[in-house]
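# Architecture and fold: a report
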Amino acid sequence: MIVDDATYLDGIRLDTSRPAGGGSFRWTGLLDPSRRELLDKVEHFRFNDFALEDAVTTHQRPKIDQFAEHTFIVVRTVAYVGPGRPLNIGDLCLFVTDSSIVSVRHGAAMPLATIRADLQSRPERLAKGPTAVVHEIIDRLVDQYIDVGDRIARDVRAIEDSVFDDDVPAVPQELYAVKRELIEFRRAVAPMLEPLTELASGSVAHVDSGFRFDFSDVRDHLLRVLDQVEALDRIMDAALQANLALITVKQNEDMRKISAWAGMAAVPTMIAGVYGMNFENMPELRSEWGYFVVVGLMAGITLSLHRLFRRNKWL
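Computed from a predicted structure; not experimentally measured.

### So, the overall build of the protein
- When helices and strands are counted, the protein shows nine helices and seven strands.
- In terms of its C-alpha atoms, the protein occupies a principal-axis envelope of roughly 120 × 40 × 30 Å.
- Partitioning the contacts of the protein with sequence separation of at least 6, the portion at a separation of at least 24 is 64%.
- Computed over 36 positive and 46 negative side-chain charges, the separation of the two mean positions in the protein equals 3 Å.

Written out as structure tokens, the structure reads:
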């Protein structure tokens with residue numbers, strides 16, 4: 001479906017959506033189109049068939065493909081959902097020419113309506129053409145990465161506190177959920193470095209080289225996000241290892257307790273087993289106090305073992 005379609009002249013939106021020309025440019029926004037819908041909407045453009053195929057295929061890797069008629073840019077959108085929950089990841093494809101831009105969005109992670117509205121409120125910025133739109137979109141995208149990274153950092157700190165604040169292991173499912181969240185984020189963000197490096201070099205066709213410093217600034221922000229992701233990943237690895245060690249220690253403590261109780265239970269079991277053999281010549285067998293002596297012996301040995309295990313912190 002078409003979300004919006006407009007022609008701009010000197011940064012001012014025109015009433016008609018006629019093809020761009022005479023210093024104006026056209027911005028068409030599409031949401032989750034099929035191949036047929038996309039072809040119907042861009043039939044007057046000369047877009048490459050491979051780029052059109054990529055534009056309707058989700059889960060594309062961020063990249064820049066340069067063709068004679070246009071430049072094709074793919075980026076990944078990311079939205080935070082909740083602690084330990086999978087991220088909302090989508091795709092955004094941009095067809096850029098000297099006088100037009102077509103945005104094809106998959107998923108609801110980053111609506112472009114607010115970006116269009118903000119640019120329309122700044123005609124002097126929008127008057128710089130399609131490259132201004134590309135920069136604004138990618139700048140907002142990296143800002144979104146920063147926000148998602150900060151939210152994931154809070155999740156990691158919560159996990160870190162739950163692991164290191166006491167001797168009780170954290171729930172493994174919670175650790176792995178945050179770890180998966182971090183892996184998904186890195187998989188979406190890390191490949192953006194290459195396209196941004198190309199844009200910052202000023203060598204991308206149909207993208208104004210005068211914006212190379214603007215893209216370079218966005219690239220610096222992305223690098224900070226990647227540094228944050230690496231640091232969080234190391235913290236999560238340490239938390240996982242520490243939690244595993246706590247689980248192992250807890251299991252060893254449980255095994256010591258089980259072994260101690262089994263050792264104490266073995267004493268009366270052994271003595272009772274011997275007297276259960278019904279031999280005639282056994283100590284205290286015919287004594288009036290024999291039963292009480294044997295029971296007292298069992299209790300004494302058991303209590304001694306209990307004190308020994310308590311002293312050695314097995315119980």
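### Observations concerning the pattern of salt bridges
- Inspection of the entire model under this criterion finds 17 salt bridges.
- A salt bridge links E69 to R46; the nearest nitrogen and oxygen atoms lie 3.7 Å apart. Here E69 is found in the loop between β4 (63–66) and β5 (71–79), whereas its partner R46 is found in the loop between α1 (35–41) and α2 (49–55), with 23 residues between them in sequence.
- Exposure remark for E69: the relative accessible area of 34% places this residue in the partly exposed category.
- A salt bridge links R140 to D118; its shortest N-O distance comes to 2.3 Å. Placement of the pair is R140 in helix α5 (residues 130–164) and D118 in helix α3 (residues 113–120), with a sequence separation of 22 residues.
- For D118, a relative accessible area of 31% translates into the label partly exposed.
- What you see here is one network of salt bridges that share partners, running through K179, R186, E230, D233 and D237.

### Considerations on the side chain of E136
- Tracing the sequence through the fold places E136 in helix α5.
- For E136, a relative accessible area of 7% gives the class buried.
- Setting aside residues up to four positions removed in sequence, E136 forms contacts with I115, L119 and R122.

### Considerations on the confidence of the model for the protein
- Taken as a whole, the protein shows an average pLDDT of 85; of its residues, 95% reach a score of 70 or greater.
- When the elements of the protein are averaged for pLDDT, α1 gives the smallest value, 80, and helix α7 (residues 193–201) the largest, 94.

### Regarding the packing of α5 against helix α8 (residues 212–275)
- One can describe the packing of α5 onto α8 by two numbers: an axis separation of 9 Å at closest approach and a directional angle of 20°. Taken together, the axes of α5 and α8 lie roughly parallel to each other. Helix-helix and strand crossings are classified by hand; for α5 and α8 the assignment is left-handed.
- Looking at side-chain class alone, the contact of α5 with α8 contains 22 nonpolar, six polar and four charged residues.

### Examining the nonpolar core
- Counting 59 residues, the largest nonpolar core has Y145 and F185 as the members making the most contacts within it.
- Sort the elements by how many residues they give to this core and α5 lands first, with 14 residues.
- Non-local contacts of F185, meaning those with residues more than four positions away in its chain, are made with V78, L87, Y145, V148, G149, I152, V225 and V229.

### Some details on the sheet that holds strand β3 (residues 24–31)
- Strand order in the open sheet made by the seven strands is β2-β1-β3-β7-β6-β5-β4, with mixed pairing throughout. In this open sheet, the two edge strands, each paired with only one partner strand, are β2 (12–13) and β4.
- Pairing analysis gives seven bridges linking strand β1 (residues 2–9) to β3, with the strands arranged antiparallel. For A6, the partnering residue across the bridge sits in β3 and is W27.
- Relative to the sheet, α5 contacts β3, β5, β6 (88–96) and β7 (100–106), its axis offset from that of β5 by approximately 25°.

### Topic: the pairing of β7
- Where burial is concerned, most of β7 is hidden: seven out of the seven residues are buried.
- Of the two faces of β7, the one holding S100, V102, V104 and H106 and the one holding I101, S103 and R105 are both buried throughout.
- Where β3 meets β7, six bridges bridge the pair, whose relative direction is parallel. By the bridge assignment, T28 is partnered in β7 with V102.
- As paired elements, β6 and β7 share six bridges and run antiparallel to each other. In the sheet register, F95 faces β7, and the bridge partner there is V102.

Conventions used here
- Residues numbered from 1 in each chain as written.
- Predicted model: local features only at pLDDT ≥ 70, side-chain atom pairs only at ≥ 80, totals over all residues.
- Heavy atoms only, no water.
- Helix = DSSP H or I, 4+ residues; strand = E, 2+ residues; numbered from the N terminus.
- Contact = heavy atoms within 4.5 Å.
- Lys, Arg positive; Asp, Glu negative; His and termini not counted.
- Charge placed at Lys NZ, Arg CZ, Asp CG, Glu CD.
- Salt bridge = Lys/Arg side-chain N within 4 Å of Asp/Glu carboxyl O.
- Buried < 20%, exposed > 50% of the residue type's maximum accessible area, 1.4 Å probe, protein only.
- pLDDT = per-residue confidence, 0-100.
- Axes fitted to C-alpha atoms, helices over the stretch in contact; angles between N-to-C directions.
- Parallel < 35°, antiparallel > 145°, perpendicular 65-115°, else oblique.
- Left-handed = near helix turned anticlockwise from the far one by under 90°.
- Nonpolar A, V, L, I, M, F, W, Y, C, P; charged D, E, K, R; others polar.
- Core = buried A, V, L, I, M, F, W, Y, C linked by side-chain atoms within 4.5 Å.
- Pairing = 2+ DSSP bridges.

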